[in-house]
2 protein chains.
Amino acid sequence: MELWYSEPHTKDVKFSIKVNKQLYSAQSEFQRIDVFESAEFGRFLTLDGYMMLTEKDEFIYHEMLVHVPMSVHPKAENILVIGAGDGGILRELAQYPSVQTIDLVEIDEQVIDVCKKYLPQTACGFDDPRVTVHIADGLKYVRHAENQYDVIIVDSTDPFGPGEGLFTKEFYGNCYNALKSDGIMVNQHESPFYEEDRLAMQRAHKRIVESFPISRVYQAHIPTYPSGHWLFGFASKQYHPIEHQQAERFKKLNIPTKYYNHQLHIGAFCLPNYVEELLADVED
Amino acid sequence: MELWYSEPHTKDVKFSIKVNKQLYSAQSEFQRIDVFESAEFGRFLTLDGYMMLTEKDEFIYHEMLVHVPMSVHPKAENILVIGAGDGGILRELAQYPSVQTIDLVEIDEQVIDVCKKYLPQTACGFDDPRVTVHIADGLKYVRHAENQYDVIIVDSTDPFGPGEGLFTKEFYGNCYNALKSDGIMVNQHESPFYEEDRLAMQRAHKRIVESFPISRVYQAHIPTYPSGHWLFGFASKQYHPIEHQQAERFKKLNIPTKYYNHQLHIGAFCLPNYVEELLADVED
C-alpha cells in the first residue's frame, strides 16, 4: 500500500508527498490539524490540508522571518509574534541576547500542543522565560498595543480561513501603532508565481505600503510551499533593510544558521523583474 | 475525465500538472519526447518524462543562463551552445549586437523539429543568420575546438541519459580548451535540495572547480524544476562574475527581461549557508 499527501497548489497543480503514516488528525475550534511522517521531509504539519512546515525545510522560513528584521534593528528588545504556534520563530529569536520579552499570540492553542508533542525540533522555544503565550486573535490583540514593540513578526497562515484578518489594512495599521518609533514588521507574503497567491500578495503588499513609510519585499527558496518561490514583507518606520543592515553585529552573534547569512540578506531583496512589476502595479 | 502529468522529484515526491491534451509523443533515436498543453503552464516539453520547459516559466531558466555570462564578458562575439534544442538560449542571445557567431550543438534533431512546431515562443532563434546548428554529441564536438569561443553555454538535460557526458571532467576540460583566454562557461547545475540532485550537483561542481581558475554558483527560482531551487555554474578563465559585471552596459542594451536584472545578478550569487557548505564539501 502507498499513502500520499497531496496539496493542490492551484486547481491544476498538485504537490504530493509519500507518507509513512498519519501521526495526528483532529478538528480544532478553528481548523483541521494534521501531522504526517514521511521519509523525504520528516514530519510535517498541515492546517486545513495546507502545508505549514516540514522538518526538512522549515529552517528556511523561520530563519528568513527572524534574522532579516533582527539583523536590521539595532536593539530589538520587545518582540511581538503573531501566529507561529509551531514555535519555530521562538527558536530563532531565543538566540538574541538583546531580546527581553516575546509576546506570542496564537489563536489556536491546539496547534501549540500538537507541535510540542509531534514537532519538538521546531516547538522548542516555549520554555524560554522571556516568552509569554497569549491564546488570542492576533487581529484583536494588536488593537490594544501602542508604542510597545521593536519588532513584530507576522507568521500567519494563508489569507483565507483563520489567518484572513492578518492581511487587512486594519491589522497593518494597528501593527504600525503597536511598534515603537523605529519599529519593524515582517510578514509572510505569499508567492508571486501562481495567479491566486499573486493576487493575495499584491493586495497585502498594497495595504502595507499604505501603512508604513518603508516597505520592501524579500524572497527565499522554500521547496514545500507553492512554486517554491516565497516572499516576505519588510515594513519599517525608520530602518532601511539594506542600508541599516548590521552585518558585523550579526556575525559576532555566531548564530548557527543553515540558510541565512549577511550576504544572502542583501541578495534576498534583489527581486526578479516580474515580481518588481507586480509590486509596482499595486503601488500606483 | 482528468489527465495529469506527474514527475517524480524523488521516489517520495511528485509534482503533477493537469493536462488538457498531449500534443506530441514519440521515441527519437535518443529519448522519448512529449509535448503537453495545460491551462496553468501553457505548453510544456518533457524528455524521457522529465520536465524540460513550460511556456509559463522557461523565461527564468533561459534568461539566467544567457544574461549572467553575457553581462560579464566585455565583448562576447563567438558563442557555443550545447544542448538547447528548444531554442530558448538562441532567443536570448540574439538580442546582443556583439554576437557574431553562435554554434548550437544538439544531439537530437527531433527535439529541434518538435520545438519549432509546438513551442514557437521558445524556438524562435534558429533563423538568425549568426546561428549554425550542428546535430552532434556535445561531448565529442568540443574535443575539436580550441581557443575559439568567448562564451560556452551548456544547456544540458539531467546528468543521466543522453546528457550524462556533459557532466564529466573530460567535457569541462575540453570546454576550457575551446574557450579563448578570457572565456566563460555556464551550465545548468541541478538543485541542492533533494539528495539525488544534490549529489550530481556536487560531483559536477567539483569537476568544474578542478578545470577552471574561477568557479562560482548562482541560483534562481524555477517553479517547475524539482524543489524550485535551481543552480547554475559560472566557470571562467579571467572574469569574476560580480567584480567584472558590466551593469551599465547591460542596461543600455535595453533587453526586455522578465526575470534578470543587474541587481538580481548580484543577488543570485548570494547562496544559502547550506548550499555554500555543500559546494565547499567537494572543494576540499
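Predicted model, so just to flag it, every value in this text is computed and none were measured. (Residues numbered from 1 in each chain as written. Chains lettered and ligands numbered in written order. Predicted model: local features only at pLDDT ≥ 70, side-chain atom pairs only at ≥ 80, totals over all residues. Heavy atoms only, no water.)

**A short note on the overall build of chain A**
The cut-off we apply is this: Numbering of helices and strands runs from the N terminus, with a helix taken as a DSSP run of H or I at least four residues long and a strand as a DSSP run of E at least two residues long. The size measure is the radius of gyration over C-alpha atoms, and the globule rule it meets is 2.2 Å times the number of residues to the 0.38 power. Here's how the labels work: a residue is buried when its accessible area is under 20% of the maximum for its type, exposed when over 50%, partly exposed in between, all with a 1.4 Å probe on protein chains only. We call two residues in contact when some of their heavy atoms are within 4.5 Å. Throughout, the Shrake-Rupley method with a 1.4 Å probe supplies accessible areas, and for residues the shown protein chains are the sole cover considered.
Scanning chain A for helices and strands turns up nine helices and 13 strands. In terms of overall dimensions, chain A is globule-like: its C-alpha atoms have a radius of gyration of 18 Å, near the 19 Å expected for 284 residues. Expressed along its principal axes, the backbone C-alpha trace of chain A runs to roughly 55 × 45 × 35 Å. Here chain A holds 284 residues, and the buried ones make up 64% of them. Once local pairs closer than 6 in sequence are excluded, the contacts in chain A between residues at least 24 apart make up 68%. Accessible area of chain A: about 10600 Å², with a carbon and sulfur share of 47%.

**Focus on helix α3 (residues 109-118) of chain A**
Of all the positions in α3 of chain A, only Val111, Ile112, Val114, Cys115 and Tyr118 of chain A are classed as buried. On its buried face, α3 of chain A is in contact with β3 (21-27), β4 (32-38), β5 (42-47), β8 (101-106) and β9 (131-135) of chain A.

**Some words on empty space enclosed by the protein**
Rolled over the atoms, a probe as big as a water molecule pinpoints where empty space is left. What counts here: Put simply, the grid is 1 Å and covers the protein atoms alone, a cavity is a trapped set of points that fit a 1.4 Å probe, a pocket is an open set with protein on both sides within 12 Å along at least five of seven lines, and lining residues have an atom within 4 Å of a point. Grid points are joined across faces, edges and corners, and a volume is the space filled by probe spheres set on the points. Charged residues are taken to be Asp, Glu, Lys and Arg, nonpolar residues to be Ala, Val, Leu, Ile, Met, Phe, Trp, Tyr, Cys and Pro, and polar residues to be all remaining types, Gly included.
The tally for this structure, following the rule as stated, stands at two cavities of 30 Å³ or more. Taken as a whole, the largest cavity encloses approximately 140 Å³ of empty space. Lining the largest cavity are 18 residues; nearest its centre among them are Gln219 and Gly267 of chain A together with Gln219, His221 and Gly267 of chain B. Elements supplying a minimum of two residues to the lining of the largest cavity: β12 (214-221) and α8 (262-268) of chain A together with β12 (214-221) and α8 (262-268) of chain B. Residues of the lining of the largest cavity, tallied by class, amount to twelve nonpolar, six polar and no charged.

**Things to note about the UniProt feature "binding site: S-methyl-5'-thioadenosine" (unreviewed entry) in chain A**
Residue and element names in this part refer to chain A. Let me state the cut-off plainly: UniProt positions are given in the numbering used here, feature names are shortened, and annotations may be inferred rather than shown by experiment. Polar contact is defined as a pair of N or O atoms within 3.5 Å, subject to the rule that within protein one atom must be able to donate a hydrogen and the other to accept it, and that residues adjacent in sequence are counted only when both atoms are side-chain atoms.
In the numbering used here, UniProt assigns the "binding site: S-methyl-5'-thioadenosine" (unreviewed entry) feature to Gln31, Glu106, Asp137, Gly138 and Pro162. When you line up the elements, Asp137 lands in the loop between β9 and α4 (138-141). The residues contacting Asp137, other than those within four sequence positions of it, are Val105 and Ile107. Polar contacts involving the side chain of Asp137 include one to the main-chain amide nitrogen of Leu139, which spans 3.0 Å. In this structure, Pro162 sits in the loop between β10 (149-155) and α5 (169-178). Setting aside its immediate chain neighbours within four residues, Pro162 contacts Phe30, Gln31, Asp48 and Thr157.

**A look at the sheet that holds strand β4 (residues 32-38) of chain B**
Residue and element names in this part refer to chain B. As a reminder, the rule being used: Here a strand pair is declared whenever DSSP counts at least two bridges between the two strands. Simply put, an axis is a line fit to the C-alpha atoms, just over the touching stretch for a helix, and the angle between two N-to-C directions goes from 0 to 180 degrees.
Reading across the sheet, the four strands line up as β3-β4-β5-β6 and stay open at both edges, with antiparallel pairing between neighbours. Edge strands, defined here as strands with exactly one partner in the open sheet, are β3 (21-27) and β6 (50-54). Averaged over all pairs of adjacent strands, the angle between strand axes in this sheet comes to 20°, irrespective of strand direction. When strand β5 (residues 42-47) meets β6, the two strands line up antiparallel, connected through four bridges. Directly across from Phe44, in β6, lies its bridge partner Thr54. Lying on the sheet, helix α3 (residues 109-118) is in contact with β3, β4 and β5; it crosses β3 at an angle near 165°.

**Some remarks on the relation of the copies chain A and chain B**
One copy of the chain maps onto the other through a rotation about an axis followed by a shift along the same axis. In plain terms, the rule: Least-squares fitting of one copy onto the other uses the C-alpha atoms of those residues that reach a pLDDT of at least 70 in both copies.
Once chain A is rotated about the relating axis by 180° and shifted along it by 0.0 Å, it coincides with chain B to within an RMSD of 0.0 Å. Taken together, the turn and the small shift mark the pair as related by a two-fold rotation axis. Residue Gly267 of chain A, judged by its C-alpha, is the member of chain A lying nearest the rotation axis, at 1.8 Å. Both copies contact each other with a shared surface, as 100% of the interface residues of chain A are interface residues in chain B too.

**Details of the pattern of salt bridges**
All names here are of chain A. The condition is simple: In what follows, salt bridge is the name for a side-chain nitrogen of Lys or Arg lying within 4 Å of a carboxyl oxygen of Asp or Glu.
Per the stated rule, a full pass over the model turns up 30 salt bridges over all chains. We note a salt bridge from Arg91 to Glu58, for which the minimum N-O separation is 2.7 Å. Taken as a pair, Arg91 in helix α2 (residues 88-93) and Glu58 in helix α1 (residues 58-72) lie far apart in primary sequence, 33 residues in all. As far as burial versus exposure is concerned, Arg91 and Glu58 are alike and both buried. As a salt-bridge pair, Lys251 and Glu248 come within 3.1 Å of each other at their nearest N and O atoms. You can see Lys251 and its partner Glu248 sitting in helix α7 (residues 247-253), three residues apart, about one turn around the helix. In this structure, a network of salt bridges that share partners links the residues Glu58, Arg91 and Glu92.

**A few points about the domain arrangement of chain A**
Residue and element names in this part refer to chain A. Quick reminder of the rule: For the purposes of this description, domain bounds are those given by an automatic or database domain assignment. Simply put, the buried area is the total loss of 1.4 Å probe accessible area from both parts when two parts are fitted together.
According to the domain assignment, chain A consists of domain 1 (3-54) and domain 2 (58-283). On a C-alpha basis, the centres of domain 1 and domain 2 stand 23 Å from each other. If you look at the interface, domain 1 gives 24 residues, while domain 2 gives 23 residues. Between domain 1 and domain 2 the total buried area reaches about 2100 Å² when both faces are included, carbon and sulfur atoms providing 68% of it. The largest share of the area that domain 1 buries against domain 2 comes from His9, Phe30 and Leu53, three residues that together contribute 26% of it. Remark: the boundary between domain 1 and domain 2 carries zero salt bridges.

**Side note on the packing of aromatic side chains**
Rules: Each pair of aromatic rings taken from Phe, Tyr and Trp, with Trp reduced to its six-membered ring, is defined by centres within 6.5 Å and is described as stacked if the planes are under 30 degrees apart, edge-to-face if over 60, and tilted in the remaining cases. For a lysine, the NZ atom is tested; for an arginine, the CZ atom; a charge sits over a ring if that atom is within 6 Å of the ring centre and within 35 degrees of the ring normal.
Under the criterion given, the structure shown has 36 aromatic pairs over all chains. Ring centres of Phe15 of chain B and Phe41 of chain B lie 6.4 Å apart, and the angle between their planes is 65°; this geometry places the pair in the edge-to-face category. Taken together, the positions of Phe15 of chain B in strand β2 (residues 13-19) and Phe41 of chain B in the loop between β4 and β5 put the pair 26 residues apart, joining distant regions of the chain. Taken as a pair, Phe15 of chain B and Phe41 of chain B share a single burial class, namely buried. Within the aromatic cluster, the residues linked to one another by ring pairs are Tyr61, Tyr218, Tyr225, Trp230, Phe232, Phe234 and Phe269 of chain A. Its guanidinium or amino end placed over the ring of Tyr176 of chain A, Lys237 of chain A lies 4.1 Å from that ring's centre, counting from NZ or CZ. Above the plane of the ring of Phe59 of chain A lies Lys258 of chain A, whose end atom (NZ or CZ) is 4.6 Å from the centre.

**Overview of the interface of chain A and chain B**
Contact with chain A, which involves 38 residues of that partner, is made by 38 residues of chain B. Across the chain A to chain B interface the summed buried area is about 3400 Å²; carbon plus sulfur atoms make up 61%. Linking chain A with chain B are zero salt bridges, by the criterion used here. For the interface between chain A and chain B, the tally reads 25 residue pairs in polar contact (both at pLDDT 80 or more). Only β1 (3-10), β2 (13-19), β12, α8 and α9 (273-283) of chain A provide two or more residues apiece to the side of chain A that touches chain B. A total of six residues in the side of chain A that touches chain B trace back to one element, the largest contributor, which is β2 of chain A. Its residues placed into classes, the side of chain A that touches chain B shows 18 nonpolar, twelve polar and eight charged.

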